[in-house]
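What follows is each chain in one-letter form.
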Amino acid sequence: MRVLLFTGKGGVGKTTAAAGTAALAASRGLKTLVLSTDPAHSLADALGVTAGPEPTEVGGGLYVQQVDTQRRFERSWREVQEYLLSVLDTAGVDPLEAEELTVLPGAEEVLALLEVRDQVRSGRWDVLVVDCAPTAETLRLLALPEALGWYMERVFPVERRVVRSLRPVLGKVAGVPMPRDGVFEAVARLHAELGEVREVLTATGTTVRLVLTPESVVVAEARRTLTSLSLYGYRVDAVLANRVFPAGGADDWRARWVAAQAEQLAEVEASFAPLPVYRCAYQQAEPVGATALADLAAATYGDGVDPFGPAPEAEPIVVERSGDEFVLAIALPFADRSEVGLVRKGDELVLTVGSYRRVLALPSALRRCTVVGAALRDGRLRIRFEPDPALWMGL
Ligand SMILES: Nc1ncnc2c1ncn2[C@@H]1O[C@H](COP(=O)(O)OP(=O)(O)O)[C@@H](O)[C@H]1O
Ligand SMILES: [Mg+2]
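Residues numbered from 1 in each chain as written. Chains lettered and ligands numbered in written order. Predicted model: local features only at pLDDT ≥ 70, side-chain atom pairs only at ≥ 80, totals over all residues. Heavy atoms only, no water.

Chemist: Pulling in residues and values, what's your account of the overall build of the chain?
Modeler: In terms of helices and strands, the chain carries 13 helices and 15 strands. For the chain, the proportion of its 395 residues judged to be buried stands at 47%. Contacts in the chain between residues at least 24 apart in sequence constitute 71% of all its contacts with a sequence separation of at least 6. Accessible surface, the chain as shown: approximately 18,800 Å² in total, 54% of it carbon and sulfur. (Helix = DSSP H or I, 4+ residues; strand = E, 2+ residues; numbered from the N terminus. Buried < 20%, exposed > 50% of the residue type's maximum accessible area, 1.4 Å probe, protein only. Contact = heavy atoms within 4.5 Å. Areas by Shrake-Rupley, 256 points an atom, 1.4 Å probe, with all protein chains shown as cover.)

Chemist: Mind laying out the site of ligand 1, listing which residues take part and the relevant values?
Modeler: Close to ligand 1 lie 16 residues; Lys14, Thr15, Thr16, Arg243 and Glu286 are nearest. Contacts to ligand 1 include threonine 15, whose side-chain N or O atom sits 2.7 Å from an oxygen atom. Interatomic distance of 2.9 Å between a backbone N/O atom of glutamine 283 and a nitrogen atom of ligand 1. For ligand 1, whose unbound accessible area comes to 560 Å², protein coverage reaches 82%. Sorting the residues of the shell around ligand 1 by element identifies α1 (14–27), β7 (236–244) and β8 (277–281) as the ones contributing at least two each. (Near = heavy atom within 4 Å. Polar contact = N/O pair within 3.5 Å; in protein donor to acceptor, adjacent residues only side chain to side chain.)

Chemist: Account for helix α11 (residues 290–301), with residues named and values stated.
Modeler: The terminal C-alpha atoms of α11, which comprises 12 residues, lie 16 Å apart, in line with the 16 Å expected from a rise of 1.5 Å per residue. For α11, the full list of buried residues reads Leu293, Ala294, Leu296, Ala297, Thr300 and Tyr301. The buried residues of α11 occupy an angular sector of 160° when projected down its axis, which confines them to one face. Looking at α11, the residues exposed on the side facing more than 90 degrees away from the buried face are Thr291, Asp295 and Ala299. Positive backbone phi, at 80°, marks glycine 302, one or two positions downstream of α11. (Expected span 1.5 Å × (residues − 1). Arc of directions from axis to C-beta.)

Chemist: Hey, could you go over a negative patch on the surface for me, with residue numbers and the actual values?
Modeler: Together, Asp94, Glu97, Glu99 and Glu100 make up a negatively charged patch on the protein surface. Structurally, the position occupied by glutamate 97 is in helix α4 (residues 95–101). (Patch = residues over 30% accessible without salt bridge, like charges linked within 9 Å, V, L, I, M, F, W, Y side chains within 5 Å. Salt bridge = Lys/Arg side-chain N within 4 Å of Asp/Glu carboxyl O. Lys, Arg positive; Asp, Glu negative; His and termini not counted. Charge placed at Lys NZ, Arg CZ, Asp CG, Glu CD.)

Chemist: So what's going on with the nonpolar core? Residues and values would help.
Modeler: Residues Phe6, Val34, Phe272 and Phe385 are the most contacted members of the largest nonpolar core, which totals 92 residues. Leaving out residues up to four positions away in the same chain, phenylalanine 6 has contacts with Lys14, Ala17, Ala18, Thr21, Val129, Val130, Asp131, Cys132, Arg209, Val211, Leu240 and Tyr301. (Core = buried A, V, L, I, M, F, W, Y, C linked by side-chain atoms within 4.5 Å.)

Chemist: Let's hear about α1: which residues, and what values?
Modeler: Between its terminal C-alpha atoms α1 stretches 20 Å, which fits the 20 Å expected from 14 residues at 1.5 Å a residue. Among the 14 residues in α1, 12 count as buried, and that is most of the element. Restricting attention to buried positions, one finds in α1 the residues Lys14, Thr15, Ala17, Ala18, Ala19, Gly20, Thr21, Ala22, Ala23, Leu24, Ala25 and Ala26. At the exit of α1 stands glycine 29, carrying a positive phi of roughly 85°.

Chemist: Explain the sheet that holds β8 to me, and be specific about the residues and the numbers.
Modeler: Within a sheet, adjacent strands bond to each other through the backbone by hydrogen bonds, running parallel or antiparallel. Spatial strand order, β3-β4-β2-β5-β1-β6-β7-β8: eight strands in an open sheet with mixed pairing. Every other strand in the sheet has two partners, leaving β3 (56–59) and β8 as the edge strands with one partner each. Each strand of the sheet is rotated relative to its neighbour by a mean of 25°, with strand direction disregarded. Sheet topology note: the strand β1 (residues 2–7)/strand β6 (residues 206–212) ladder contains five bridges and is parallel. Along β6, the bridge assignment pairs leucine 5 with valine 208. (Pairing = 2+ DSSP bridges. Axes fitted to C-alpha atoms, helices over the stretch in contact; angles between N-to-C directions.)

Chemist: Pulling in residues and values, what's your account of the environment of leucine 342?
Modeler: Along the chain, leucine 342 turns up in strand β11 (residues 340–345). Residue class for leucine 342 comes out partly exposed when judged on its relative accessible area of 31%. When the C-alpha atoms of leucine 342 and isoleucine 383 are compared, they prove to be 9.4 Å apart, with 41 residues separating the residues in sequence. Beyond its immediate sequence surroundings of up to four residues, leucine 342 is in contact with Leu349, Val350, Leu351, Ala374 and Ile383.

Chemist: Which residues make up the side chain of arginine 2, and what are the values?
Modeler: Mapping arginine 2 onto the fold places it in strand β1. Take arginine 2: its relative accessible area is 7%, and that puts it in the buried class. At 3.0 Å, the side chain of arginine 2 forms a polar contact with the side chain of threonine 207.

Chemist: Any chance you could break down the pairing of β11 for me, citing the residues and the numbers?
Modeler: Pairing geometry for β11 and strand β12 (residues 348–353), over six bridges, is antiparallel. Note that in β12 the partner of leucine 342 across the bridge is leucine 351. Between β11 and β12, which pair antiparallel one after the other, the connecting turn spans two residues, and glycine 346 there sits at a positive phi close to 60°.

Chemist: Any details on the pairing of β7? Residues and values, ideally.
Modeler: Along a regular strand, successive side chains alternate from one face of the sheet to the other. Buried residues dominate β7, accounting for eight of its nine residues. Pairing between β6 and β7: five bridges, direction parallel. Residue leucine 210 lies in a different strand from β7, and its bridge partner there is valine 239. Read from β6 through helix α9 (residues 216–231) to β7, the crossover connection turns out right-handed. Bridging between β7 and β8 involves four bridges; their strand directions are parallel. By the bridge assignment, valine 244 is partnered in β8 with alanine 281. Following the backbone out of β7, through helix α10 (residues 252–272) and into the adjacent parallel β8, one traces a crossover that is right-handed. (Right-handed = clockwise from strand over helix to strand, strands pointing away.)

Chemist: Lay out unusual backbone geometry with the relevant residues and their values.
Modeler: In this structure, proline 274 follows alanine 273 across a cis peptide bond, with omega equal to 10°. Following the sequence through the fold, proline 274 ends up in the loop between α10 and β8. Positive phi, normally seen in glycine, also occurs at arginine 243, with a value near 60°. Within the secondary structure, arginine 243 sits in strand β7.

Right, dumping it as structure tokens:
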């Protein structure tokens, strides 16, 4: 199954591109679902249909689904939240404030992605297209499965046996209400589910397409997005430049836009290489309906391109061996050396790029090594590891 995620700044044309790509896939005989995790319900509007929380057929092998983020959230998080509220209540935190503290930022959208996992599992589709929430949220939500798992492993001892033996002690010492078994089950389930979401999103058949418009502010944000997506191990396989003004027969006003966009597009082509940059022309009216959207997508990808072909093979993270050393190479396009931070904490590597942070569990071969150096070159961070004799001997 091919999974395509569309992301980009608000209003650049994510929904249009996602719906168009899906409609094109269906028109080529592929069983396709286009699913939106964006709480702004514009996917159904673009297709000119009504969508519900279950896949509904638009026609011709195309299905649409609008994830009910609130419902998914309640299902997975409510029980944990109630427990946290009771803890905060004991601690004398104002209930209103407590409510706010127990809402995980971005968690709704993350849990919406559980629907993506379910649909992948169903095996019903050849192509699954996901219309994501705007960049900032999506990034946070894409990062969250990992961050949340890390947090949970520490805050909640997931092993229930450990919990049972600790309960009497903790109960007495801290005066904190101990969670019921159901809470731990809910946490363990959520933890496992998020791991599965991450697996789906970083699977070899899953790629991200970055949508942008040829404007300097948008392009700058798209570059940062590409860096962060790489940091989290996602594969970006294309850039879609939308709202490109047609050049021919332009009046003075349009001619200026054409010139300004041409400059931005050249910049985009140069800086996102080797990613293909597809151009989508500014239409005279909003493209609405499966047919209009599919036509627009077909013109965007052009002939001779299979938008649903296999994902490029380049792995975002690889471990290479050179002599006695190991090198962990991570793709970080556009990252600047001054904003990259690296800290080793036991079996984990905490990697930061600007305000984004990733906790990488080290592959087993690297756990018994020490970091001896790191260099950022050609958009790749290369971290060198040397076997540590003390660690190898188990000291
Ligand atoms: N190439 C285009 N030509 C004309 N209108 C477009 C084009 N791409 C998008 N639009 C219109 O712009 C608006 C925003 O697009 P949308 O796909 O909803 O953006 P996003 O999902 O990124 O917020 C919609 O009304 C859409 O119909
Ligand atoms: Mg949208």
